[in-house]
Structure formats: C-alpha cells, structure tokens
Amino acid sequence: MFSSLIKSTKRLGFTPLRWVSSAAAVTNTKMFINGKAVESKTTEWIDLHNPATNELVTRVPKCTNREMEDAVASCSEAFKTWSKTSIITRQQIMFKFQNIIKNNMEQLAENITCEQGTIADARGDVLRGLQVIEHACSLPSLLLGETLPGVAKDLDIVSYRVPLGVTAGITPFNFPAMVPLWTIPMAITCGNTHLLKPSERDPGACMMIVEMLQEAGCPPGVVNVIHGAHAAVDFICDHPDIKAISFVGSDAAGKYIYERGAKSGKRIQSNMGAKNHGIILPDANKGNTLNQLVGAAFGAAGQRCMALSTAIFVGEANDWLNDLKERAEKLKVNGVWFLEQTLGLSFRRK
C-alpha cells in the first residue's frame, strides 16, 4: 500500500520515500516520467523551506529542456493506447484512486503543512480535491454525445466527444493538492494524457498524488510531472504536442499563459486572481458572521481566491465594525501559532 512508502521527516510532515534522494542530507524532489521517479540532472535548484521552522525541506529542480521533452514524449506515446481505453476502464481507475486518497488524506495534509501551511487548511485542500475525483467518476454519462436524426433529407447529425491529446496543468502554491486534483482526474478520464507542473514552492503533495494514481492502476506515461519556474511554463506554452493548458494562479501569470499558449493554437483554461465579497445584513447572526469574516479575510494570509477582501455592512450591521476590528487585532500569526494549529500543542503566554 501507498502508506508503506511514507516516512516521517522532521516533526511536521511526511515525504514519500521514492521521491527523495537518500544520498544527500537535504533531499531532492524528483520528476515523474513514464511511471518512474526520475532524478533531475539539472544544475539549477530551488530551495523549499518549512514555513514554521525555516528548515530546508527539499530542493526542487528546474528541469532541463531534455527532461521536459522526455516527459511530453512519454505522454504522447501513452496517448496512443490510453485514448482507446474504454471510459468504463478509466472510471474504474478513478474509483480506486478515490479510495486511496480517502485512506491517505491525513498524510497528504501533513505533507502540505510541512511545505506550505496549517493542518486545518491542508485538510480542506485535500477534501476539495477528492470531490473532483468523485465528480470524474460520473464522466461516462457526461461524455455522452448527441444525435439529431432527419435534420435534412437523408441527413442525420451525430456528435462525439473525443480526447484532445496531451494536455498540461500549471498549478499554484496555495492549493497544492486541490488544484492538481482539478486537472488530473478530468483530463485523463476523458482519455487525454497529462503533463503537470506543480508549484515549485510545494510540489510534495502532487508527487504523492501521482504515486497514488499509479497504485490505482493508471498506466505509465498517462500522467507525467516536471518541475521548474518560468522556463517550464514557456516550454508548456510553446510545445506543439501539447493541445490544451489548464492554469490556476495570479492575473499576471494567467494572462501571459493565455496569450502565449493561444498563439500556439492551444486551448487555454486560465483561472486567475479573484476575491470573494460579502454583504452583511443586520439580521445575520453577529458572532458567527464576525468569526467567519475574520477567518475568510486572514486565513491562509489571504492567499486564496476564496479570501474575502471586501465586506459591505448594511444598516445596523455597520455597528459591528469595531467588534470586527477587535477580533482581527487579537489574531496571533507567528511560528508558535503555526505549531499550535499544526501539532495541537499548547504554549503558555505571559
């Protein structure tokens, strides 16, 4: 089982054994190409630190052009057979994948916490991703085509939904499990193959996910993972064998990827920066509303599209502003707070 491949690293998280190099004191994040963990031959690395302790967790490679070409070639080769696999077979893999994720949700959350945030946010991250896998299990009915007999004399219309080919995902740092789980299940259950570039700031959850997917029975080459920064993004935008890109991230990056990828004739799904708004009516439950506002505005340091940046208080609800300010000022966001939230420890304060 996948859980047997997990070991504790430091005090705050887990790292899959096969994704790290045991030769060095500081581990290197590996690529995933053609069903295997592959050590990069790059000379450029990105240091990833634990946000609570500033300990160096891993080094993330800026993959070489040759390595990225190998990953695309693996996707292209796998597409020849994967696109012909029945939708029921792909669905069965998603059923198994769903179950494996469920059994390892806590390990995924702990890994995310080690690289990026707090355990409560990480658990929510994994849960929302799991729900997309569950949705992908319904694709046999969603992929139904349409027919229109007798549209004209001796003419019927039949439409089919067919795979595109090699697709790619570029995912952000703030949801390292959820967003890869937006792209991978939908892309491959539709019969495409998928090249993923997770955020270089927290790739661990993605690497755990592809290991779980392999355990679920996904063939080698259907999903490959590369790492990097700007050069990797440009590679994905420009490569002629990649037919579609799904991106989640900032406005600037999203516009850049949309324009550059579209010039190469790719289909682009670019989900860019957004923030929620709240309208507070006077008949709302005051205590619950204020607590929700503080959590939405300051949770995850506001680094998520669901963060609430604007609140409009209507009528008598304007009188709650001072209470909201007081709650916000009582927040203690620091290393001690992180450890309490992550490990459930209690620290006395004078």
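Along each chain, residues carry numbers from 1 onward, in the same order as the chain's sequence is written. With the structure being a predicted model, the display of local features is reserved for residues of pLDDT at least 70 and the display and counting of side-chain atom pairs for 80 or more, all residues being used for whole-chain, interface and lining totals. As a rule here, side-chain values come from all non-hydrogen atoms in the structure, and water together with hydrogens is ignored.

Draft legend 1. Representation of the confidence of the model for the chain within the structure. Looking at the chain, pLDDT values average 88 and 87% of them are 70 or higher. As a per-residue quantity, pLDDT reports the predictor's confidence and falls between 0 and 100. Residues are treated as being in contact if the distance between any of their heavy atoms lies within 4.5 Å. The model gives residues 1-24 a pLDDT under 50, and that stretch makes 71 contacts with residues more than four places away or in other chains. In this model, residues 345-350 is a region of pLDDT below 50 whose contacts with residues beyond four sequence positions or in other chains number nine contacts.

Draft legend 2. Inspection of the packing of helix α10 (residues 286-298) against helix α11 (residues 321-329) at higher detail. Relative orientation of the contacting elements α10 and α11 amounts to 50 degrees, with a least axis distance of 10 Å. Taken as axis vectors, α10 and α11 run oblique relative to one another. In this structure, the crossing between α10 and α11 has a hand that is right-handed. On the side of α10, the interface is formed by Lys 286, Gly 287, Leu 290, Asn 291, Leu 293, Val 294 and Phe 298, while α11 contributes Asp 323, Leu 324, Arg 327 and Ala 328. The angle between two axes is taken between their N-to-C directions and runs from 0 to 180 degrees, where each axis is a line fitted to C-alpha atoms and a helix contributes only its stretch in contact. Helix and strand labels come from DSSP, where a helix needs a run of H or I of at least four residues and a strand needs a run of E of at least two; each type is numbered from the N terminus. For classification, angles of less than 35 degrees are called roughly parallel, those exceeding 145 degrees roughly antiparallel, those between 65 and 115 degrees roughly perpendicular, and all remaining angles oblique. Handedness of a helix crossing follows the sense of rotation of the near helix relative to the far helix, less than a right angle counterclockwise being left-handed and clockwise being right-handed.

Draft legend 3. Quick look at the sheet that holds strand β6 (residues 45-49). In this description, strands pair whenever DSSP reports at least two bridges between them. In spatial order, the strands read β3-β7-β6; together these three strands make up an open sheet with mixed pairing. The strands lining the two open edges of the sheet, one partner per strand, are β3 (27-28) and β6. When β6 meets strand β7 (residues 56-61), the two strands line up antiparallel, connected through five bridges. Residue pairing across strands places His 49 opposite Leu 56, the latter belonging to β7.

Draft legend 4. Up close: the side chain of Thr 42. Here Thr 42 lies in the loop between β5 (36-38) and β6. If near-sequence neighbours (up to four positions away) are discounted, Thr 42 is found in contact with Pro 61, Lys 62, Thr 64 and Glu 67.

Draft legend 5. Up close: a nonpolar patch on the surface. Two joining distances apply to patches: 9 Å for like charges and 5 Å for nonpolar side chains (Val, Leu, Ile, Met, Phe, Trp, Tyr), and every residue must have over 30% relative accessible area and no salt bridge. Throughout, the Shrake-Rupley method with a 1.4 Å probe supplies accessible areas, and for residues the shown protein chains are the sole cover considered. The working definition used for a salt bridge is a side-chain nitrogen of Lys or Arg within 4 Å of a carboxyl oxygen of Asp or Glu. On the surface, a cluster of nonpolar side chains totalling about 320 Å² of accessible area is made up of Leu 148, Val 151, Leu 155 and Ile 157. Of all the secondary structure elements, the ones that give two or more residues to the nonpolar patch are β8 (146-152) and β9 (155-159). When you line up the elements, Leu 148 lands in strand β8.

Draft legend 6. Expanded view of the packing of aromatic side chains. Only rings of Phe, Tyr and Trp enter the pairing, Trp through its six-membered ring, and a pair is recorded when the two centres are within 6.5 Å. The plane angle decides the type: under 30 degrees is stacked, over 60 is edge-to-face, the rest tilted. Summed over the entire model, instances satisfying the criterion amount to zero aromatic pairs. Each ring is checked for a lysine NZ or an arginine CZ that lies within 6 Å of its centre and within 35 degrees of its normal; such an atom marks a charge sitting over the ring. Its end group placed over the ring of Trp 45, Arg 59 keeps NZ or CZ at 4.5 Å from the ring centre. The ring of Phe 173 has Arg 201 lying over it, and the distance from NZ or CZ to the ring centre is 4.0 Å.

Draft legend 7. Main features of the pairing of strand β14 (residues 267-271). Note: strand β13 (residues 242-248) against β14, five bridges, orientation parallel. Counted as the bridge partner of Ala 244 is Arg 267 from β14. The β-α-β motif built from β13, the intervening helix α9 (residues 251-263) and the parallel element β14 has right-handed crossover chirality. Note on handedness: a crossover is taken as right-handed if, strands pointing away from the viewer, the path from the first strand over the helix to the second is clockwise.

Draft legend 8. Representation of the environment of Ile 268 in the model. Positionally, Ile 268 belongs in strand β14. Sequence spacing of Ile 268 and Phe 247 is 21 residues, and the spatial spacing of their C-alpha atoms is 7.7 Å.

Draft legend 9. Fine view of the packing of helix α2 (residues 87-103) against helix α6 (residues 180-189). For the pair α2 and α6, the least separation of the axes is 9 Å and the interaxial angle reads 155 degrees. Here α2 is positioned roughly antiparallel relative to α6, judged by the angle of their axes. In this structure, α2 contributes Ile 87, Arg 90, Met 94 and Phe 97 to the contact, and α6 contributes Leu 181, Pro 185, Ile 188 and Thr 189. In this classification, Asp, Glu, Lys and Arg are treated as charged, Ala, Val, Leu, Ile, Met, Phe, Trp, Tyr, Cys and Pro as nonpolar, and every other residue, Gly included, as polar. Class assignment for the residues of the contact of α2 with α6 results in six nonpolar, one polar and one charged.

Draft legend 10. Representation of the pattern of salt bridges in the model. For the coordinates displayed, the defined rule picks out nine salt bridges. Between Glu 77 and Lys 80 there is a salt bridge, and its shortest N-O distance comes to 3.0 Å. Taken together, the residues span about one helical turn, with Glu 77 and Lys 80 both in helix α1 (residues 65-82) at a distance of three residues. A salt bridge links Asp 238 to Arg 260; the nearest nitrogen and oxygen atoms lie 2.5 Å apart. Here Asp 238 is found in helix α8 (residues 230-238), whereas its partner Arg 260 is found in helix α9, with 22 residues between them in sequence. In this scheme, a residue with accessible area under 20% of its type's maximum is buried, one over 50% is exposed, and one in between is partly exposed, where area comes from a 1.4 Å probe on protein chains only. The class of Asp 238 is partly exposed, set by a relative accessible area of 35%.

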